[in-house]
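# Structural characterization, general
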Amino acid sequence: MTFPDGTDAIAELDLAVTAGEFVAVVGPSGCGKSTLLRIASGLTTPTSGTVEIRGTQVGYVFQDATLLPWRTVLGNFEVPAELRTAPKAQRRAQAQQAIELVGLRGFEQHHPRRLSGGMRMRVSLARALTLDPELFLFDEPFGALDEITRERLQDEVLQLFERKRFAGLFVTHSVFEAAFLASRVVVMSTRPGRIVGEVEVPFAYPRPPSLRFEPHFAEVAGSISALLRRPQR
Amino acid sequence: MTHPDLRRSRVAITRVVPPMLVALAFIAAWLLVSYEVLSARQRFLLPPPQRVLQVGFLDRHNLTEILRGLWSTTEVAVAGLCIAIVFGMLFAILMAQARWVERSFYPYAVVLQTIPIIALVPLIGFWFKFDFRSRVLVCVLISLFPVVTNTLFGLQSVDRGLLDLFRLHGAGRLAALRKLQLPAALPAAFAGFRIAAGLSVIGAIVGDFFFRQGQPGIGRLIDVYRSQLASERLFTAIFFSSLLGVVLFWVVGFIGHRAVRSWHESAEDRR
Ligand SMILES: Nc1ncnc2c1ncn2[C@@H]1O[C@H](COP(=O)(O)OP(=O)(O)O)[C@@H](O)[C@H]1O
Ligand SMILES: [Mg+2]
């Protein structure tokens, strides 16, 4: 992928994510992780190469919560279906479901301004869920949150994954986050990005929050970190 | 923590007293100039406040004449403002559609701002007759620019992430405009409407000076009083014209506040 200004964002990258698989992508900042997701979702057309998606619905959780500030939480949930001109009744039902799923009952009529950063991200997550996506893209969604909130949201993402079994592609710069969420971790080089290694994460789902503090988990995280630090050509 | 009643009255005191003091100082200075600086023969240059009150406000005949003029000017200013808002927004929406459209038209919007409209007013009169329509046109020309620039700025500062979200879900231009760009532009647009409100009053009064057919506007009266050296009525008329500007500015501001108060930072209470 080369941008019009000549920036080579991604050199060469071949990646397949199957249904029920949760792949995390880690890499230094500026290596083309966001670009990879934008290409996967169709927001950016690659200068060369192709994207193939089986299934129709793509969920995309951006780096920021990207909520419409003039709409309530409930109103924001209706945005995806509304833009795809789904009937009103169906929109309402999906929005209600999303509220249940991420525990936002009681906040339906709040405007985003009145929510904390963690809550906003939770709304953003639930909004992407309203379309029941088969492919779920995450672009460092929890990077700006405090650690307690981040861990809670990671647990929630795992619960959603265990329940829905979507194909997940999760971009992060946190080695621990990648190891905790994913069944496979892909490590990217600095720009122009390419894949420098892969690590299979051997822990079965469902994963308990306490997994983060087990010695075996630290070993896996360590092996990802080693790939990141390995000198590159 | 103080008692809420006490706090409320303290807030009232801090808000009401300072402007009252300024008003008192202003009247004192006015009296001083009228009686001490000016001699009796020069006093018509600045008649004391009680004379203005007596002749301008309490004389039924004079007050009626001034209020009639004020109403006529108000009609012109409000009509001009509404038209400027509608056309200004359309113009801004058009320019927000593509860079090349903006690049083609924006220079002319700037020119509109810089040509001395006053010099054009007599011509406009010859072209379109010296009646209500021309007076409104002058208003529109004067108040259009802030509507255009502010709305355009608002439309263009939409969050990139939100645009991505809309694109991701296949939203067309119209849906993006209606559901994203226009609501996002409202705060900036209303800032423009408020400036335009003040300008439309100025435009209406400037128009009054030139257009002498039909019901005379307050600008026309100001001109007459000036030529008659009727300074009490002159001051009264000036007072009412600026009051009109303030009220229109405030009304537009109030509507804007109501429109965005549920979500925009600008509507937050400031202490
Ligand atoms: N639209 C664009 N035009 C030019 N360069 C871009 C554009 N988008 C991203 N880039 C560049 O491509 C590289 C990869 O960007 P990005 O995918 O956002 O990185 P990451 O998400 O891994 O931090 C960066 O150097 C960035 O500056
Ligand atoms: Mg990024």
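No experiment lies behind these values; they were computed from the predicted model shown.

Turning to the overall build of chain A, a few remarks are in order. Helix and strand content of chain A: eight helices and seven strands. Here the C-alpha atoms of chain A give a radius of gyration of 18 Å, agreeing with the 17 Å that 2.2 N^0.38 yields for 233 residues. With respect to the principal axes defined by its C-alpha atoms, chain A has extents near 55 × 45 × 30 Å. Across chain A, the fraction of contacts at a sequence separation of at least 24, relative to all contacts at a separation of at least 6, is 72%. Counting only carbon and sulfur atoms, one obtains 51% of the accessible surface of chain A, whose full area is about 11000 Å². Positive and negative side-chain charges of chain A, numbering 27 and 26 respectively, have mean locations separated by a distance of 5 Å.

This part covers the packing of aromatic side chains. All names here are of chain A. Inspection of the entire model under this criterion finds 26 aromatic pairs over all chains. Ring centres 6.2 Å apart and planes at 40 degrees place the aromatic pair Phe203 and Phe217 in the tilted group. With a gap of 14 residues between them, Phe203 in the loop between strand S7 (193-200) and helix H8 (215-229) and Phe217 in helix H8 connect regions that are remote in the sequence. What makes Phe203 buried here is its relative accessible area of 13%. Here Phe217 falls in the buried class, since its relative accessible area comes to 1%. Taken together, Phe22, Phe136, Phe138, Phe142, Phe161, Phe166, Phe170 and Tyr205 form an aromatic cluster joined through their ring pairs. Across from the ring centre of Tyr205, 4.2 Å away, lies the NZ or CZ of Arg207, which sits over that ring. Just above the ring of Phe180 sits the side chain of Arg212; from NZ or CZ to the centre is 4.0 Å.

Our focus in this paragraph is the domain arrangement of chain B. Residue and element names in this part refer to chain B. If you check the domain split of chain B, you get domain 1 (1-46) and domain 2 (47-267). Inter-centroid distance (C-alpha atoms) of domain 1 to domain 2 is 30 Å. Contacts between the two partners involve nine residues from domain 1, matched on the other side by eight residues from domain 2. Counting the surface lost from both domain 1 and domain 2, the interface buries some 660 Å², and carbon and sulfur atoms represent 72% of this. If you sort the residues of domain 1 by the area they bury against domain 2, Trp30, Phe44 and Leu46 come out on top, with a joint share of 61%. Our count for the domain 1 to domain 2 interface comes out at zero salt bridges. Counting across the interface, domain 1 meets domain 2 through three residue pairs in polar contact (both at pLDDT 80 or more).

With that settled, consider the environment of Gly197(A). All names here are of chain A. One can find Gly197 in strand S7. Of the residues examined, Gly197 reaches a relative accessible area of 14% and is grouped as buried. Sequence separation of Gly197 and Pro46 is 151 residues, and the distance between their C-alpha atoms is 22 Å. Contact partners of Gly197, with chain neighbours within four places excluded, come to Val185, Val186, Val187 and Leu227.

Enumeration over the complete set of coordinates arrives at zero disulfides over all chains. You can see Cys82(B) has no disulfide; the closest cysteine sulfur is in Cys139(B), sitting 11 Å from it.

Below, the discussion takes up the side chain of His111(A). Following the sequence through the fold, His111(A) ends up in the loop between helix H4 (88-101) and helix H5 (117-129). Its relative accessible area of 15% is what places His111(A) among the buried residues. Not counting residues within four places of it along the chain, the set of residues in contact with His111(A) comprises Pro69(A), Trp70(A), Arg71(A), Thr72(A), Ser262(B) and Trp263(B).

Calculation rules
Residues numbered from 1 in each chain as written. Chains lettered and ligands numbered in written order. Predicted model: local features only at pLDDT ≥ 70, side-chain atom pairs only at ≥ 80, totals over all residues. Heavy atoms only, no water. Helix = DSSP H or I, 4+ residues; strand = E, 2+ residues; numbered from the N terminus. Rg over C-alpha atoms; globule rule 2.2 N^0.38 Å. Contact = heavy atoms within 4.5 Å. Areas by Shrake-Rupley, 256 points an atom, 1.4 Å probe, with all protein chains shown as cover. Lys, Arg positive; Asp, Glu negative; His and termini not counted. Charge placed at Lys NZ, Arg CZ, Asp CG, Glu CD. Phe/Tyr/Trp six-rings, centres within 6.5 Å; stacked < 30°, edge-to-face > 60°. Buried < 20%, exposed > 50% of the residue type's maximum accessible area, 1.4 Å probe, protein only. Lys NZ or Arg CZ within 6 Å of the ring centre and 35° of its normal. Domains from an automatic or database assignment. Buried area = accessible area lost by both parts, 1.4 Å probe. Salt bridge = Lys/Arg side-chain N within 4 Å of Asp/Glu carboxyl O. Polar contact = N/O pair within 3.5 Å; in protein donor to acceptor, adjacent residues only side chain to side chain. Disulfide = S-S within 2.5 Å.

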